[in-house]
Each structure stands twice: as C-alpha cells, then as structure tokens.
Amino acid sequence: MKPGSMSSSERTAPPGVGAASSTSTSQPRSTSRFAATNPFGPAPITTASGIIPKYRERVAKKRSLDEYDAKRDFARTPEPKGKRPKGTHESRFVVQEHHARALHWDLRLERDGVLASWAVPKGIPPDPKKNHLAVRTEDHPLEYLDFQGDIPKGEYGGGSMHVWDRGTFETHKFDDREVMVTLHGERVQGRYVLFKTHGNQWMIHRMDPP
Ligand code: MN
C-alpha cells in the first residue's frame, strides 16, 4: 500500500491507532477503533460515579452500620436494625448501694462494652437544686450489672453491696468531661448530667423537676 492510498476513515483515526493495522492488509478491519490495538480490553471506569469514589465510600463506612442499614427496609425484613437514631439508644444502668469504709452509691452506665462508673457519696440527687459529688472510678465489666454480695473486709471495696436501682437509659451526650442521660429505673426516672470538675471529681445534677 502506498502512503497516498489511505482511505478517508484511516486518515481521521487517532494517532497510533491506525498505524498498526495499516501495515497489514490481510486482517479484516474491526468495527471498533480500539479493539485491534488494545490487548487489555476496555479501560476501567474511573469517572466521578465510577470505581474509585465507590471504593473510598466503602472504606469510610467500614466501621459503622450505615451501609448495613441502607441496604435493608426494616418494615419488611425481620432482621435487627444496625443503628438506632441518635438519642434513642437504650443501654443498661445500675446503682449499687455500697457499704464500704464510707457508704456510697455506685452509678454504672453501660458504654462500649463496659460499665462507666462513678461513686456517689450522697446518692443520686432527687432535687435539681442539689448537685452531688460523683467520683469517677475504674470501668467495670458488664457482669457487674447483677452483682451484689459481700466483698471481704480488707479487700478493695470491702463491705456489702446490693442493687439499689437498675434499668435502662438514653444517652444524649457522652464524652470525657460530660455525660447526659435519661435514666429509666425503678426508683430513678429523669434526665441527669454528670460533668467533670477536676481530676476524677465530677458532679451529678438532676435536670428534671423532682
Ligand atoms: Mn463502690
């Protein structure tokens, strides 16, 4: 084939595409301009709605249950919901009356698989006008929700302990300095805020009227 004999379609082909096929006259021309020269097949789709953005989205959601929830209609499936709406998540709490060296009440709130705990020397305040001291103590295992009995004298926390109240609570806020919950116990019902003052010292304040 002489250079001057190219058809008009070969002349308009992109640079590099027509060159390979123009050297062979025995092969039939493909209807696709790229199939004959691209041995790797079609290029991957990486547009704005393509592979890369979707992958990023999946990585970002790896640790939450948003994706689990999004795929299901809980009005139609008997499966459990992954996430309950913020502010309505119910967890368990206990208040234990603890006759240790000094009498106090231990408030324990279920959080991230443990019981966040405070020792409250004057107990859970029933009156919004009187805040009580609450000393943050070490997290306790969930099994402690049901514990009552006698801790031997001389041991840590020695003395008798019994469950004074138990129930569920809603979390409105929960961080290292402030915890706001609504307690639904047998004795205590209402919204409380615990706030850190210094060190392990917190205050507990009732927000609802007595
Ligand atoms: Mn205690």
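Provided above is the structure to which this section pertains.
Only a predicted model underlies this, so the values are computations on that prediction, with no experimental measurement involved.

## Re unusual backbone geometry
Phase 1: Backbone geometry places D112, a non-glycine residue, at a positive phi of 50 degrees.
Phase 2: Among the secondary structure elements, D112 is positioned in the loop between β2 (103-111) and β3 (114-120).
Phase 3: Judged by relative accessible area, which is 73%, D112 ranks as exposed.

## Points about the environment of L194
Phase 1: Within the secondary structure, L194 is located in strand β8 (residues 189-198).
Phase 2: Here the alpha-carbon distance between L194 and F174, two residues 20 residues apart in the chain, equals 9.4 Å.
Phase 3: Those residues in contact with L194 that sit more than four places away from it in its chain are L107, L109, W118, A134, R177, E178, V179, W202, M203 and I204.

## Description of the packing of aromatic side chains
Phase 1: Applying the stated rule across the entire model yields two aromatic pairs.
Phase 2: With a centroid separation of 5.5 Å and 75 degrees between ring planes, the pair formed by W118 and W202 is classed as edge-to-face. With W118 in strand β3 and W202 in strand β9 (residues 201-206), this pair connects stretches of sequence that are 84 residues apart. We note that W118, like W202, is buried.

Cut-offs applied
- Residues numbered from 1 in each chain as written.
- Predicted model: local features only at pLDDT ≥ 70, side-chain atom pairs only at ≥ 80, totals over all residues.
- Heavy atoms only, no water.
- Helix = DSSP H or I, 4+ residues; strand = E, 2+ residues; numbered from the N terminus.
- Buried < 20%, exposed > 50% of the residue type's maximum accessible area, 1.4 Å probe, protein only.
- Contact = heavy atoms within 4.5 Å.
- Phe/Tyr/Trp six-rings, centres within 6.5 Å; stacked < 30°, edge-to-face > 60°.

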